[in-house]
Amino acid sequence: MSNLAKNYNRKKISFSYGKGSYLFSTDRKKYLDMMSGIAVNSLGHAHPKLVKTIRDQSKKLWHVSNAFQIPEGEKLAKKLCQKTFADYVIFQNSGAEATEAAIKVARRYFYSIGKLNKTRILCIKNSFHGRTLATIFASGSKKMTQGFGHVGGFDHFDFGNHKSLKKKITKNTAAIMVETIMGEGGIKVIPDWCLKELRKLCDKKKILLILDEVQCGISRSGDFFAFEKSKVKPDIVPIAKGIGGGFPIGAVLMNKKVAKSMTPGTHGSTFGGNPLAMAVGNTVMDIVSTKKFLNNVKKSSKYFFLKLNKLKKKYPSIIKEIRGKGLLIGIQLHTDQTKFIKKLIDKQLLTIRAAENVVRILPPLNVKKNEIDLAIKIIDKVCSEIK
Ligand SMILES: *Cc1c(COP(=O)(O)O)cnc(C)c1O
């Protein structure tokens, strides 16, 4: 009997080790990992540079309190700010903590300028911002909030419904918070022109723009941030998943204007930004933020999309749409995807579901061409069997 609570519906597979894009199960099967622990293992498994970083840092220093200077964290914050819109960073340990901190920063900003009633956050219905009490209510999903009472302060509009979005902004709205690319919600990309309009709208209404890049950020989209091409500058951006490459790291990035309100005592985290985590973050950042690495993500993405769109043409009665950007890819099926994903796993390809019948593909960002070919071959086979 398992003593783990039943809050997950776990598959009966366990792994003993991983290498690159592959996972090896305890029953000695080799799986091609195209879910990367849900966009976490951005450099695959047991990347030599990450292994070395952990080994070196673990001999020196794991944890000290944020009561002290932490040079490794200073370094990572500097890199994040040099690469992006941000001026300041607060480190956390997970995505939900990062989005929760983003909400706090938005509210605190308006508090600091004396606009005490501006506390509400406007979000997309059935989005995903994490599993803390506040963030489940931010997500506006019945399934996630059922049985957990009520946390107020969030309003919702439907993805793509611009009329409703504008109508839902009130004098009490502090910020609009959206995922640049909805991950759990079905790999739905907010187009660049929409991001631009969102920024304009926020400026006009004097409210803040929070872009949740926990899943789509850290080079997953082919750019360091998925909003980069739009040239839009958000005020606050929570990140997590990919920045640790498997080590739990979260962070909230923000501009000078809002960061001013985060004075001593307004936020904190015992673990957040500890030297071991920061050492790993620095190594991930050094690898994934280079132009060469990003070009390679774009190249892999182009190839993957080309091949998947061919499969869509070959199996129009099974595949409805290929969605996404970079290496955040969704195969939308005409019917429920559960059986399809199970068949992929039986053929030793790991993917994960998303809403709207989507099979989500999240390979490591350094995935190789022959690994994409293998994934395509397995997906093709499963399509042909279902047909
Ligand atoms: C995964 C995710 C989160 C929550 O991250 P956790 O580390 O699971 O707390 C928040 N926002 C988005 C967009 C995510 O995909």
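Residues numbered from 1 in each chain as written. Predicted model: local features only at pLDDT ≥ 70, side-chain atom pairs only at ≥ 80, totals over all residues. Heavy atoms only, no water.

## Regarding the overall build of the protein chain
Move 1: Across its full length, the protein chain carries 13 helices and 17 strands.
Move 2: What you see for the protein chain is a C-alpha radius of gyration of 21 Å, in line with the 21 Å of a compact globule of 387 residues.
Move 3: When the backbone C-alpha atoms are referred to their principal axes, the protein chain occupies close to 65 × 55 × 50 Å.
Move 4: For the protein chain, the proportion of its 387 residues judged to be buried stands at 55%.
Move 5: If you take every contact in the protein chain between residues at least 6 apart in sequence, the share linking residues at least 24 apart comes to 71%.
Move 6: Within the structure as shown, the protein chain displays about 19100 Å² of accessible surface, and the carbon and sulfur contribution to it stands at 55%. (Helix = DSSP H or I, 4+ residues; strand = E, 2+ residues; numbered from the N terminus. Rg over C-alpha atoms; globule rule 2.2 N^0.38 Å. Buried < 20%, exposed > 50% of the residue type's maximum accessible area, 1.4 Å probe, protein only. Contact = heavy atoms within 4.5 Å. Areas by Shrake-Rupley, 256 points an atom, 1.4 Å probe, with all protein chains shown as cover.)

## Details of the pattern of salt bridges
Move 1: With the rule as written, the count across this model stands at 18 salt bridges.
Move 2: For R360, the salt bridge is made with E184, and the minimal N-O distance between the two is 2.9 Å. Of the two residues, R360 sits in strand β17 (residues 358-361) while E184 sits in the loop between β8 (181-182) and β9 (188-189), which places them 176 residues apart along the sequence.
Move 3: A salt bridge links E321 to R323, with the nearest nitrogen and oxygen atoms 2.9 Å apart. (Salt bridge = Lys/Arg side-chain N within 4 Å of Asp/Glu carboxyl O.)

## A closer look at the site of the ligand
Move 1: Near the ligand the following residues occur: S94, G95, A96, F128, H129, G130, E179, D212, V214, Q215 and K241.
Move 2: One of the backbone nitrogen or oxygen atoms of G95 is found 2.8 Å away from an oxygen atom of the ligand.
Move 3: A distance of 2.7 Å separates an oxygen atom of the ligand from a polar backbone atom of A96.
Move 4: Protein contacts shield 82% of the accessible area of the ligand, which totals 380 Å² for the unbound molecule.
Move 5: Across the shell around the ligand, the residue classes tally to three nonpolar, five polar and three charged. (Near = heavy atom within 4 Å. Polar contact = N/O pair within 3.5 Å; in protein donor to acceptor, adjacent residues only side chain to side chain. Nonpolar A, V, L, I, M, F, W, Y, C, P; charged D, E, K, R; others polar.)

## So, the pairing of strand β14 (residues 328-333)
Move 1: Of all six residues that make up β14, six are buried, and the element is covered over most of its length.
Move 2: Of the two faces of β14, the one lined by L328, G330 and Q332 and the one lined by I329, I331 and L333 are each fully buried.
Move 3: Judged from the six bridges that link them, strand β13 (residues 319-325) and β14 form a sheet pairing that is antiparallel. Across the sheet, the residue bridging to R323 is G330, located in β14.
Move 4: Two successive antiparallel strands, β13 and β14, enclose a turn made up of two residues, where G326 displays a positive phi of approximately 60°. (Pairing = 2+ DSSP bridges.)

## Concerning the state of the cysteines
Move 1: On inspection of all chains with the given rule, the structure shows zero disulfides.
Move 2: Lacking any disulfide linkage, C81 is separated from the closest cysteine sulfur, that of C216, by 18 Å.
Move 3: Between C216, a cysteine without a disulfide, and C194, which holds the nearest cysteine sulfur, the sulfur-to-sulfur distance is 15 Å.
Move 4: Classification of C216 by relative accessible area gives buried; the value is 1%. (Disulfide = S-S within 2.5 Å.)

## Looking at the environment of L374
Move 1: In this structure, L374 sits in helix α13 (residues 369-386).
Move 2: Note on L374: relative accessible area 30%, which makes it partly exposed.
Move 3: When the C-alpha atoms of L374 and K233 are compared, they prove to be 38 Å apart, with 141 residues separating the residues in sequence.
Move 4: Excluding residues within four positions of it along the chain, L374 makes contact with Y22 and L32.

## A look at helix α2 (residues 48-60)
Move 1: Here α2 is 13 residues long and its end C-alpha atoms lie 19 Å apart, about the 18 Å a rise of 1.5 Å per residue gives.
Move 2: Among the residues of α2, L50, T53 and Q57 are the ones counted as buried. Mapping the buried residues of α2 onto a view down its axis gives an arc of 55°, with all of them on the same face. Opposite the buried face of α2, at more than 90 degrees from it, the exposed residues are P48 and K59.
Move 3: Check the buried side of α2 and you find it contacts α3 (71-83) and α10 (275-288). (Expected span 1.5 Å × (residues − 1). Arc of directions from axis to C-beta.)

## A word on the domain arrangement of the protein chain
Move 1: Domain assignment breaks the protein chain into domain 1 (15-46 + 291-386) and domain 2 (50-288).
Move 2: Computed from C-alpha coordinates alone, the two centres of domain 1 and domain 2 are separated by 26 Å.
Move 3: With 29 residues of domain 1 at the contact, the number on the domain 2 side is 29 residues.
Move 4: Interface area for domain 1 against domain 2, summed over the two sides, is near 2400 Å², with a carbon-plus-sulfur share of 60%.
Move 5: The interface formed by domain 1 and domain 2 holds three salt bridges in total.
Move 6: Here D223 ties to K298 by a salt bridge, and the two come within 3.4 Å at their closest N and O atoms.
Move 7: Put simply, domain 1 and domain 2 have 13 residue pairs in polar contact (both at pLDDT 80 or more) between them.
Move 8: Mapped onto the side of domain 1 that touches domain 2, the elements with two or more residues apiece are α1 (36-39), α11 (291-314), β13, β14 and β17.
Move 9: Top element by residues in the side of domain 1 that touches domain 2 is α11. It accounts for four residues.
Move 10: A class-by-class count of the residues in the side of domain 1 that touches domain 2 yields 18 nonpolar, six polar and five charged. (Domains from an automatic or database assignment. Buried area = accessible area lost by both parts, 1.4 Å probe.)

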